[in-house]
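Remarks on the overall topology
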Amino acid sequence: MIGLPFDQQDVYKAFSQNHATESLLPLSAWETRVANPDFRIVVCIVADADGDGTLPSDRNNEAEEEHILQRLLDSEWAGTFTLVGPVPLSSWLLPSSGQPQPGAEGEETRWHLTSLFVLPAHRGCGLASKLTLAAVRAGSSGHQVARNVGATTRFRLIVHPKNIEVVKLYEKVGFVKGGLYTQREAMVAMGDAAGVPEAAARDIWDSRLAIGMELLV
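Keep in mind the model is a prediction, meaning the values are calculated, not measured.

It is worth spelling out the nonpolar core at this point. Within the largest apolar cluster, 26 residues are counted, with the highest numbers of intra-cluster contacts made by Phe-81, Leu-113, Phe-155, Leu-157, Tyr-170, Phe-175 and Met-213. Among the elements that take part in this core, helix H6 (residues 127-142) stands out by supplying 6 residues, more than any other. Not counting residues within four places of it along the chain, the set of residues in contact with Tyr-170 comprises Phe-81, Leu-116, Thr-132, Leu-157, Val-159, Phe-175 and Met-213. Ranked by size, the runner-up nonpolar core spans 6 residues in total, among them Ile-158, Ala-186, Ala-189 and Ala-210.

Next comes the structure, spelled out in structure tokens:
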């Protein structure tokens, strides 16, 4: 989903969003996403000339939270990555996809990763890899299954097969291919089943083309 040209077939090329369409969303749409308890959005902001770009992490301080929110709203977002979850086993399973067999409920925490975007001006410097690693760290540290009983965290991505460079990027981070998904399943996986048009064209929405990639940590 990085650097794809936008045209009428973008809904088919990008599973499930692309930068051109997402960047047109109003602020209210992003506020809704940030407020959604099932979404965790990893954001890379452009540092001020006199700052290092880091944000405090004391979530118990209301004033600090206000400062962080204002900093996010005032800064340029160089890139983002969204985690959807934790996903219950019943919602994770898409039997027709041929996906890897997940662990039983309670044995692992599951996150679906979607919407990796990097602004054109900030591409080519490894930011996409850093965002991916940051998303994995966020999901691994945020789950509620006890580590001392051998619990794991499972991450899933869905990528268009023509996005060869993106597939290579995820493979370098440790993701492995597993399963083929439809556009419809991709929307369901990212928690946006309502986004599938009622009169969705079967050749676009039900063709099993997208590559599933998973990582266990």
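Here the focus is the packing of aromatic side chains. Summed over the entire model, instances satisfying the criterion amount to 1 aromatic pair. Over the ring of Trp-92 we find Arg-156; its NZ or CZ atom is 3.8 Å from the centre of that ring.

Per-residue pLDDT for the protein chain averages 79, and the proportion of residues at 70 or more is 76%. Note that residues 1-16 has pLDDT below 50 and, in this model, 47 contacts with residues that lie over four places away or in other chains. Contacts for the low-pLDDT stretch residues 144-150, under 50 throughout, to residues beyond four places or in other chains number 9 contacts.

Turning our eyes to something else, we now look at the pattern of salt bridges. Applying the stated criterion across every chain yields a total of 7 salt bridges. We note a salt bridge from Glu-165 to Lys-168, for which the minimum N-O separation is 3.9 Å. Residue Glu-165 and its partner Lys-168 are both found in helix H7 (residues 164-173); the two are separated by 3 residues, about one turn of the helix. Taking relative accessible area as the criterion, Lys-168 reaches 41% and is therefore assigned partly exposed. Close ionic contact of Arg-184 with Asp-206 constitutes a salt bridge, the shortest N to O distance being 2.7 Å. Within this pair, whereas Arg-184 is found in helix H8 (residues 183-189), its partner Asp-206 is found in the loop between helix H9 (202-205) and strand E6 (210-216), the two being separated by 22 residues in sequence. Residues joined by salt bridges that share partners form a network here, namely Glu-105, Glu-108, Arg-110, Arg-154 and Glu-214.

Where nonpolar side chains cluster on the molecular surface, the patch consists of Leu-27, Leu-69 and Leu-73 and spans about 270 Å² of accessible area. Checked against the element boundaries, Leu-27 lands in helix H3 (residues 27-35).

Right, let's talk about H7 for a bit. Side chains three or four residues apart in an α-helix point the same way, a direct result of the helix having 3.6 residues per turn. Buried within H7 we find Val-166, Val-167, Leu-169, Tyr-170 and Val-173. For H7, the angular spread of the buried residues around the axis is 160 degrees, confining them to a single face. In H7, the exposed residues that point more than 90 degrees away from the buried face are Glu-165 and Lys-172. After H7 finishes, the residue Gly-174 shows a positive phi value of roughly 125 degrees.

Conventions and cut-offs
- Residues numbered from 1 in each chain as written.
- Predicted model: local features only at pLDDT ≥ 70, side-chain atom pairs only at ≥ 80, totals over all residues.
- Heavy atoms only, no water.
- Core = buried A, V, L, I, M, F, W, Y, C linked by side-chain atoms within 4.5 Å.
- Buried < 20%, exposed > 50% of the residue type's maximum accessible area, 1.4 Å probe, protein only.
- Helix = DSSP H or I, 4+ residues; strand = E, 2+ residues; numbered from the N terminus.
- Contact = heavy atoms within 4.5 Å.
- Phe/Tyr/Trp six-rings, centres within 6.5 Å; stacked < 30°, edge-to-face > 60°.
- Lys NZ or Arg CZ within 6 Å of the ring centre and 35° of its normal.
- pLDDT = per-residue confidence, 0-100.
- Salt bridge = Lys/Arg side-chain N within 4 Å of Asp/Glu carboxyl O.
- Patch = residues over 30% accessible without salt bridge, like charges linked within 9 Å, V, L, I, M, F, W, Y side chains within 5 Å.
- Areas by Shrake-Rupley, 256 points an atom, 1.4 Å probe, with all protein chains shown as cover.
- Arc of directions from axis to C-beta.

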